[in-house]
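Observations on the model geometry
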Amino acid sequence: MKLGIDFGTTRTVVTAVDDARHPVASFDEGGEFHAYIPGIAALRGRDLLLGWEAARAQAEGTCEHALRSIKREIQTRMPDDEVLPGITALELVTRFLGEVRTAILTRSNLTARDPLEVMISAPANAASRQRWLTLEAFRAAGFHPIGLLNEPTAAAVEFAHHHLRELGKKSPKRYVVVYDLGGGTFDTSAVSLEGRHFELIAAEGIARLGGDDFDEHVLDAACTALGIVPPLRDAASLERAREAKETLRATSKKLLVDLGPHGTTAIDAGLLYLHCEPLIERTIAQTDLLFDKLRTRGIDPDDPRELGGIYLVGGAAAFPAVAKRLRARFGKKLQLAPQPFAATAIGLAIAADPEAHVMSR
């Protein structure tokens, strides 16, 4: 079976190749179905907990050590570096991906069987060691990698698949700019649309900026409202802040934050957005740097005929203040992915599908 797997900072999403369709997998966790596996690890005694089990242990406060994001933790680590007591970066990722493989085979809505051939991805600016670690961990976990794409390239593949009629041979559209704001990283990249080769033209990014940083602002605001000094920073409280953040909608005026034993409070959404504005402005500055790179390559980013769009993907792209600020900056060029959380995984599955005739790098 062929799959696309986006090993994400906050969520790992799995998409299948199924008779020219590319469905997102759902996983049964105690009778509840989820379209992702959280990239969380925790130690309870000598037991390593991963995914949903680790998330429950964090929420209950029953673990001694916790990592909210396995992927973010390994970004600057060597494979043999210890990231949890007695556990190296390579071992941690391998064991997490082993849990993902077990979930695919035993608890997913896919009719999955071995061998599991996977197209995987890495951030555009990922170091060679991170790419090697990712590939090696997938192999060690029992998957059969068939390729590794840059994450923005995968998102561009998904974008093009949704716009096949508009991007025919006679289309003047040369490239798409992918704005990928995930749980812990930000990438903005220009990807060629010519000839369905999806070549990465240029990229910019920030290695440690994403939804995790918005979570901290939510938690700080809730702590201020509840009079908690100094502000909380434990994994369980940050997860509660994330859960609250993801209930926000464009029309939200207040955000209810339940910090469990510390109390519940409502914070002003407008003030929260104001505090998060500097983070969003940093992503726009990186996008402007990308545009400067395009100009040096003879591409005019102000020419709407050649630009397929500014494609908004990644979990943190759903944060209302992001879309509002980007819409003010880019206007009609901005396009939100139908499934921002899953766009990269869907693009990977399309790239793995021999019937899609995708050539990418």
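Okay, so let's go over this structure. (Residues numbered from 1 in each chain as written. Predicted model: local features only at pLDDT ≥ 70, side-chain atom pairs only at ≥ 80, totals over all residues. Heavy atoms only, no water.)

It is worth spelling out the sheet that holds strand β13 (residues 175–181) at this point. Pairing in this open sheet of 5 strands is mixed, and the strands run β15-β14-β13-β18-β19 from one edge to the other. Single-partner strands in this sheet number two, and they are β15 (200–206) and β19 (334–336). In this sheet, neighbouring strand axes are inclined to one another by 20° on average, regardless of whether the strands run parallel or antiparallel. Of the strand pairs in this sheet, strand β18 (residues 307–313) and β19 are connected by 3 bridges, and their pairing is parallel. Directly across from Ile 310, in β19, lies its bridge partner Leu 334. (Pairing = 2+ DSSP bridges. Helix = DSSP H or I, 4+ residues; strand = E, 2+ residues; numbered from the N terminus. Axes fitted to C-alpha atoms, helices over the stretch in contact; angles between N-to-C directions.)

Within the largest apolar cluster, 47 residues are counted, with the highest numbers of intra-cluster contacts made by Phe 214, Phe 319 and Val 322. Top contributing element to this core by residue count: helix α8 (residues 269–296), with 10 residues. Discounting residues that sit within four places of it in the chain, Phe 214 has contacts with Leu 181, Lys 245, Cys 276, Leu 279, Ile 280, Ala 316, Phe 319 and Val 322. Residues Ala 54, Ala 57, Ala 154 and Leu 193 belong to the second largest nonpolar core, which totals 38 residues. (Core = buried A, V, L, I, M, F, W, Y, C linked by side-chain atoms within 4.5 Å. Buried < 20%, exposed > 50% of the residue type's maximum accessible area, 1.4 Å probe, protein only. Contact = heavy atoms within 4.5 Å.)

Counting across every chain of the model gives 8 aromatic pairs. Each ring, one from Phe 7 and one from Phe 96, has its centre 5.9 Å from the other, and the planes form 35°; the classification is tilted. Taken as a pair, Phe 7 in strand β1 (residues 2–7) and Phe 96 in helix α3 (residues 89–106) lie far apart in primary sequence, 89 residues in all. The class for Phe 7 is buried, based on a relative accessible area of 3%. Classification of Phe 96 as buried rests on a relative accessible area of 0%. With a centroid separation of 4.5 Å and an interplanar angle of 15°, the aromatic rings of Phe 214 and Phe 319 are classed as stacked. Linking Phe 214 in helix α6 (residues 211–226) with Phe 319 in the loop between β18 and α9 (320–330), this pair joins segments that are 105 residues apart in sequence. Of the residues examined, Phe 319 reaches a relative accessible area of 4% and is grouped as buried. These aromatic residues form a ring-pair network of at least three members: Phe 214, Tyr 273 and Phe 319. (Phe/Tyr/Trp six-rings, centres within 6.5 Å; stacked < 30°, edge-to-face > 60°.)

What follows concerns unusual backbone geometry. A cis amide bond links Asp 114 to the next residue, Pro 115, at an omega of -5°. Tracing the backbone through its elements, the reader meets Pro 115 in the loop between α3 and β11 (117–122). At the junction of Val 229 and Pro 230, the peptide bond is cis and its omega measures out at -5° in the coordinates. Looking at the secondary structure, you find Pro 230 in the loop between α6 and α7 (235–245). At Asp 19, a residue that is not glycine, the phi angle is positive and equals roughly 55°. Mapping Asp 19 onto the fold places it in the loop between β2 (11–16) and β3 (27–29). Residue classification places Asp 19 among the exposed residues on the basis of a relative accessible area of 70%. Although it is not a glycine, Ala 20 sits at a positive phi angle of roughly 70°. For Ala 20, the location among the structural elements is in the loop between β2 and β3.

Next up on the list: the pattern of salt bridges. Considering all chains together, one arrives at 28 salt bridges under this definition. Two residues, Glu 246 and Arg 11, come together in a salt bridge whose shortest N-O distance is 2.7 Å. In this pair, Glu 246 is assigned in the loop between α7 and β16 (254–258) and Arg 11 in strand β2, connecting sequence segments 235 residues apart. Of the residues examined, Glu 246 reaches a relative accessible area of 30% and is grouped as partly exposed. Salt bridges sharing partners connect three or more residues here, namely Arg 11, Arg 68, Arg 72, Asp 212, Asp 213, Asp 215, Glu 239, Arg 242, Lys 245 and Glu 246. (Salt bridge = Lys/Arg side-chain N within 4 Å of Asp/Glu carboxyl O.)

Attention now moves to α3. Side chains that are three or four residues apart share a direction in an α-helix, a result of its 3.6 residues per turn. The terminal C-alpha atoms of α3, which comprises 18 residues, lie 26 Å apart, in line with the 26 Å expected from a rise of 1.5 Å per residue. The set of residues buried in α3 consists of Ala 89, Leu 90, Leu 92, Val 93, Thr 94, Phe 96, Leu 97, Val 100, Arg 101, Ala 103 and Ile 104. (Expected span 1.5 Å × (residues − 1).)

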